[in-house]
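# Structural overview for review
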Amino acid sequence: MNFAKLGLIEPLLRTLQQLDYTTPTPVQAKAIPAVLAGRDLMAAAQTGTGKTAGFALPVLQRLALEGEKVAANSIRALVLVPTRELAEQVHNNVREYAENLPLSTYAVYGGVSINPQMMRLRRGVDLLVATPGRLLDLFRQNAVKFNQVQTLVLDEADRMLDLGFAEELQSVYAALPRKRQTLLFSATFSEQIRMLAGLALNDPLSIEVSPRNAAAASVKQWLVPVDKKRKADLFCHLLRKQRWTQVLVFAKTRNGVDQLVERLLAEGVNADGIHGDRPQATRQRALDTFKAREVQVLVATDVAARGLDIDDLPLVVNLDLPIVAEDYVHRIGRTGRAGNKGEAISLVCADEVQMLSAIEVLTRQTLARHEEPDFIPEHRVPMTDASGQVVKKPKKPKKPKENSAKRGLGRWMDSGEPEPAVKAVRKVPSFNGGPRKRKP
Ligand code: AMP
């Protein structure tokens, strides 16, 4: 299979040759002809397997071959993404792919001055990448019009369709032309989102590059059980012992990010952090220096979980497990990209057992456990497996009271029969979504 067979035109084939893309990835092989044919799409493929080119190449081709010249303050294709860093990255990719085509591309997102964005939009833009909040600001100030939009892409579609973005997305939808092509791309789609998404699509083609809800198979995953209060100690210990060269760490809260960064800096480790409270310029600089390997450890909230493409990143560590199981797939998908190998390690405490179970159910695998000798937890992490069972340790029998026999408890105590196992087996739901904060 090669790109020419998929129906791409010569200027795009030339670009792909320059980029050294010789063979389409499975999601590209399926998505490109369908998008060129004008179909609506719901496409699921593992993290790091080339989804961006999967939608960007055919959308650019359609923009080059079809439709009217872009008018002032108008756009012809809109790509919505959940984070500012992702807007920047997707736009960089799109700009590269459009190099040999007479098309304009641009990105708008919050946290930076709106004026230059308004100025640039005056000339019109063929393909705009945007985060929803800033896009609506621009729309309400008449800086951008949607009447020429022929294609809408939701990248990280399940995140765009969940509650955090629902209101903004509704407002964007209401302003878009009804007759348009809509493309949804993500590595994860829950059944709930799948149904919701289907309603907004016209006779959609569903593309699924198996397995569903999974990071690339090239990511080796395991966990270390540990007490909650010793997680930072364990991370620092493993960093030194395993001589980790470059690691992306996910923490649950902004505070958790700051605390670990402070601790690492105090220990002489070159570390930086990304979360929603930090100014955009600082966030982008932290990411850029990490990508350039000038920073050894980048600690982040889930704001960095989705889509970011960090060349050859060898390792992701979950200092805390994510509350939403799907985010686990996205977090660890920052490693093992474009066919490379990667490793993902989760430091799990007893409180997180339900999250662990939900992750194992979603990804249909039981994570291997490796205990670290000096960090064996006092609070045991119950055993879990991919069926959603949490097996608590048999409880020790209570000391019988004198009159226990009268209450029927004395039979096995007195008779020498084995103690009946008090094995608590509980089903946990595979989908633990719910209202989420907008900016992690
Ligand atoms: P994405 O999943 O879109 O973020 O892409 C993951 C990585 O794979 C990026 O670094 C892309 O540049 C790269 N990539 C995408 N498609 C191809 C391809 N067909 N051949 C080689 N590399 C690719």
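Now for a look at the structure at hand. Model, not experiment: these values are computed from the prediction. (Residues numbered from 1 in each chain as written. Predicted model: local features only at pLDDT ≥ 70, side-chain atom pairs only at ≥ 80, totals over all residues. Heavy atoms only, no water.)

Glancing now at the site of the ligand. By nearness alone, 13 residues border the ligand, and Tyr21, Gln28, Thr52, Asp309 and Arg337 come closest of all. Contacts to the ligand include Tyr21, whose side-chain N or O atom sits 2.5 Å from an oxygen atom. At a separation of 2.9 Å, an oxygen atom of the ligand approaches a polar backbone atom of Gly50. In isolation the ligand has 490 Å² of accessible area, and contact with the protein removes 82% of it. (Near = heavy atom within 4 Å. Polar contact = N/O pair within 3.5 Å; in protein donor to acceptor, adjacent residues only side chain to side chain. Areas by Shrake-Rupley, 256 points an atom, 1.4 Å probe, with all protein chains shown as cover.)

A word on the nonpolar core. Leu41, Leu57, Leu127 and Phe185 are the most contacted members of the largest nonpolar core, which totals 56 residues. Among the elements that line this core, the one with the most residues is helix 3 (residues 51-65), at seven residues. Split by domain, the residues of this core number at least three in each of domain 1 (3-208) and domain 2 (219-391). Excluding residues that lie within four positions of it along the chain, Leu57 makes contacts with Phe3, Leu8, Leu12, Leu16, Ile32 and Tyr97. Counting 35 residues, the second-largest nonpolar core is a separate cluster that includes Leu138, Ala143, Val144 and Leu169. (Core = buried A, V, L, I, M, F, W, Y, C linked by side-chain atoms within 4.5 Å. Buried < 20%, exposed > 50% of the residue type's maximum accessible area, 1.4 Å probe, protein only. Helix = DSSP H or I, 4+ residues; strand = E, 2+ residues; numbered from the N terminus. Domains from an automatic or database assignment. Contact = heavy atoms within 4.5 Å.)

Once that is clear, we can look at helix 12 (residues 280-291). Since the α-helix advances by 3.6 residues per turn, residues separated by three or four positions end up pointing in the same direction. In this model, helix 12 (12 residues) spans 16 Å end to end at C-alpha, consistent with the 16 Å of a helix rising 1.5 Å per residue. Listed in full, the buried residues belonging to helix 12 are Gln280, Thr282, Arg283, Gln284, Ala286, Leu287, Thr289 and Phe290. Tucked into the core, helix 12 has its buried residues touching helix 4 (84-97), strand 9 (247-250), strand 10 (271-274) and strand 11 (297-300). Where helix 12 ends, the next residue or the one after it, Arg293, has phi of about 65 degrees, a positive value. (Expected span 1.5 Å × (residues − 1).)

In this section: the layout of surface pockets. As a volume, the largest pocket reaches approximately 830 Å³. Along the wall of the largest pocket there are 36 residues; nearest its centre are Tyr21, Gly48, Gly50, Asp309 and Ala338. If you list the elements that add at least two residues to the lining of the largest pocket, you get helix 3 and helix 4. Take the lining of the largest pocket: its biggest share by element is six residues, from helix 4. Of the residues assigned to the lining of the largest pocket, the class counts are 10 nonpolar, 16 polar and 10 charged. Both of domain 1 (3-208) and domain 2 (219-391) provide at least three residues apiece to the lining of the largest pocket. (1 Å grid on protein atoms, 1.4 Å probe; cavity = no way out; pocket = protein on both sides within 12 Å on 5 of 7 lines; lining within 4 Å. Points joined across faces, edges and corners; volume = space filled by probe spheres on them. Nonpolar A, V, L, I, M, F, W, Y, C, P; charged D, E, K, R; others polar.)

With respect to the secondary-structure elements, Asp155 resides in strand 5 (residues 151-155). Among all residues touching Asp155, those that are not within four sequence positions of it are Phe55, Val79, Leu80, Val81, Pro82, Leu86, Val90, Met160 and Phe185.

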